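Chain by chain, the residues run as shown.
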Amino acid sequence: MSRNLQTSGKLRPVDLARRHGLSTQAVRNYEEAGILPTAERTASGYRVCTPLHERALAAFLALVPGHGHATATAVMQAVNRDAVDEAFQLIDESHDRLLHDRRTLRAVEDALRGLTAESAGSDAAGFRQMFIGPLAEELGVRPATLRKWEAAGLVRPRRDPVTRYRVYEPADVRDAHLVHQLRRGGHLLERIAPLITQVRTAGGLEPLEGALRDWRGRLSDRGRAMLRGAAALDAYLVQRG
C-alpha cells in the first residue's frame, strides 16, 4: 500500500516544487488540501516527501487542464482516502460535460446552417423551450447572468402573459448556449452582440466561423488533456498499489 511506498526515496517539498515549476508553498498547500498523500515529518517537523508524492503531484497537474482545478482536486482527494470509485465517478461526470459541450456545438452548427432570412428567429433544431432556472442550471451560470445577457440584447425571452415568467423559446436557448460558449472563449459581451445579431438576421455561419473553429479546438484540447490526465492518474494508482 502507499504507506509502505512512502518510505523509499526521500524528497523535500522544494524538490517537488522545482521539478514542476511550482512554489514550495504550493506543494505544502496541496498536501494540506489532500491532493497529495500526507507526508511524514522529521523530528524537527519538516515534511519528508517520496516518489509517491511526486507521482501524485504529476497526476494532479495532468488532470487540471482537462477537468479543471476543482474536479482534479476532488479526484485526488478521493483517491488519497481510498475512495477510488468516487474518483472514477467524478471523471465520468467530467467526460459527460465534455460530451454535452460537443453536442451543444453540433446543435449550434446545425441550427446556424439551417438559418434563412425567414426562419432566423425560429430555426433552432436540437433545443427546447425552457424557463430561466433550468436554462441557467444547464449552462452552469446564475439566473442573474441570463438577465444580464437579456439586458445586453443577447437573449430575448418572452414573458408568459399570466405568470410573467421568462420563457426561452428554442431559438433563445440556442442563442444562450452560443453566448455562453463565446464568453467561455474570452469574448466580451460587446463583441458577441454583433455576432448574435447576424445569426438572427440569417448571417449564416460565416461571421461565426472563427469562434466555432476555436470552440472545436478547445473541445479537442480538453479531450486530449483528459487522456493525458487519465494516464498520469493510472500511473499514480499503480504506484499506490
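Rules used in this analysis
Residues numbered from 1 in each chain as written. Predicted model: local features only at pLDDT ≥ 70, side-chain atom pairs only at ≥ 80, totals over all residues. Heavy atoms only, no water. Pairing = 2+ DSSP bridges. Helix = DSSP H or I, 4+ residues; strand = E, 2+ residues; numbered from the N terminus. Core = buried A, V, L, I, M, F, W, Y, C linked by side-chain atoms within 4.5 Å. Buried < 20%, exposed > 50% of the residue type's maximum accessible area, 1.4 Å probe, protein only. Contact = heavy atoms within 4.5 Å. Salt bridge = Lys/Arg side-chain N within 4 Å of Asp/Glu carboxyl O. Axes fitted to C-alpha atoms, helices over the stretch in contact; angles between N-to-C directions. Left-handed = near helix turned anticlockwise from the far one by under 90°. Nonpolar A, V, L, I, M, F, W, Y, C, P; charged D, E, K, R; others polar. pLDDT = per-residue confidence, 0-100. Arc of directions from axis to C-beta.

Caption draft 1: Inspection of the sheet that holds strand E5 (residues 166-168) at higher detail. Spatial ordering of the open sheet is given by E3-E5-E4, a layout of 3 strands whose pairing is antiparallel. What marks the edges here is a single partner per strand, and that holds for strand E3 (130-131) and strand E4 (158-159).

Caption draft 2: Just the nonpolar core, in detail. Core analysis: the biggest nonpolar cluster contains 28 residues, and Leu135, Leu139, Leu146, Trp149, Leu154 and Tyr168 have the highest contact counts within it. Residue assignment for this core shows that the elements contributing at least two residues are helix H6 (84-113), helix H7 (132-139), helix H8 (143-151), helix H9 (170-184), helix H10 (189-200) and helix H11 (209-240). If we ignore the near neighbours within four places in the chain, the residues touching Leu135 are Met130, Leu146, Tyr168, Val173 and Ala176. Judged by nonpolar contacts, the second largest core, of 27 residues, contains Leu16, Val27, Ala78 and Tyr236.

Caption draft 3: Summary view of the environment of His69. Topologically, His69 is positioned in helix H5 (residues 69-80). Classification of His69 as partly exposed rests on a relative accessible area of 47%. The contacts of His69, once residues within four sequence positions are left out, are Tyr30, Phe60 and Val64.

Caption draft 4: How the structure looks around the environment of Leu233. Along the chain, Leu233 turns up in helix H11. Once the C-alpha coordinates of Leu233 and Phe60 are considered, the two residues, 173 residues apart in sequence, prove to be 7.6 Å apart. Leu233 has contacts with Ala59, Leu63, Val75, Met76, Val79 and Ile91, leaving out every residue within four places of it along the chain.

Caption draft 5: Highlighting the pattern of salt bridges. Inspection of every chain in the model, using the stated rule, returns 11 salt bridges. Its salt-bridge partner being Glu169, residue Arg158 comes within 2.7 Å of it at the nearest N-O pair. Of this pair, Arg158 sits in strand E4 while Glu169 sits in the loop between E5 and H9; the two residues are 11 residues apart in sequence, bridging distant segments of the chain. We classify Glu169 as partly exposed; its relative accessible area is 25%.

Caption draft 6: Representation of the packing of helix H4 (residues 51-67) against H5 within the structure. Relative to each other, H4 and H5 sit at 145 degrees, their axes nearing to 7 Å. Seen from above, H4 lies across H5 with right-handed handedness. For the pair H4 and H5, contact is made by Ala56, Ala59, Phe60, Leu63, Val64 and His67 and by His69, Thr71, Ala72, Thr73, Val75 and Met76, respectively. When the residues that make up the contact of H4 with H5 are grouped by side-chain class, the tally is 8 nonpolar, 4 polar and no charged.

Caption draft 7: Structural view of the environment of Val179. Looking at where Val179 falls in the secondary structure, it is placed in helix H9. Considering only alpha carbons, one finds Val179 and Ile196, 17 residues apart in sequence, at a separation of 8.0 Å. Those residues in contact with Val179, other than ones at most four positions away along the chain, are Trp149, Leu154, Ile192 and Ile196.

Caption draft 8: How the structure looks around the confidence of the model for the protein chain. Taken as a whole, the protein chain shows an average pLDDT of 85; of its residues, 83% reach a score of 70 or greater. Of all the helices and strands in the protein chain, helix H1 (residues 2-5) carries the lowest mean pLDDT, 40, while H5 carries the highest, 97. Contacts from residues 115-123, a stretch scored under 50 in pLDDT, to residues over four places away or in other chains number 18 contacts.

Caption draft 9: Fine view of H7. Within H7 the residues assigned to the buried category are Ile132, Leu135, Ala136 and Leu139. Angularly, the buried residues of H7 cover 100 degrees about the axis, an arc narrow enough to put them on a single face. On its buried face, H7 is in contact with E3, H8, E5 and H9. Positive backbone phi, at 75 degrees, marks Gly140, one or two positions downstream of H7.

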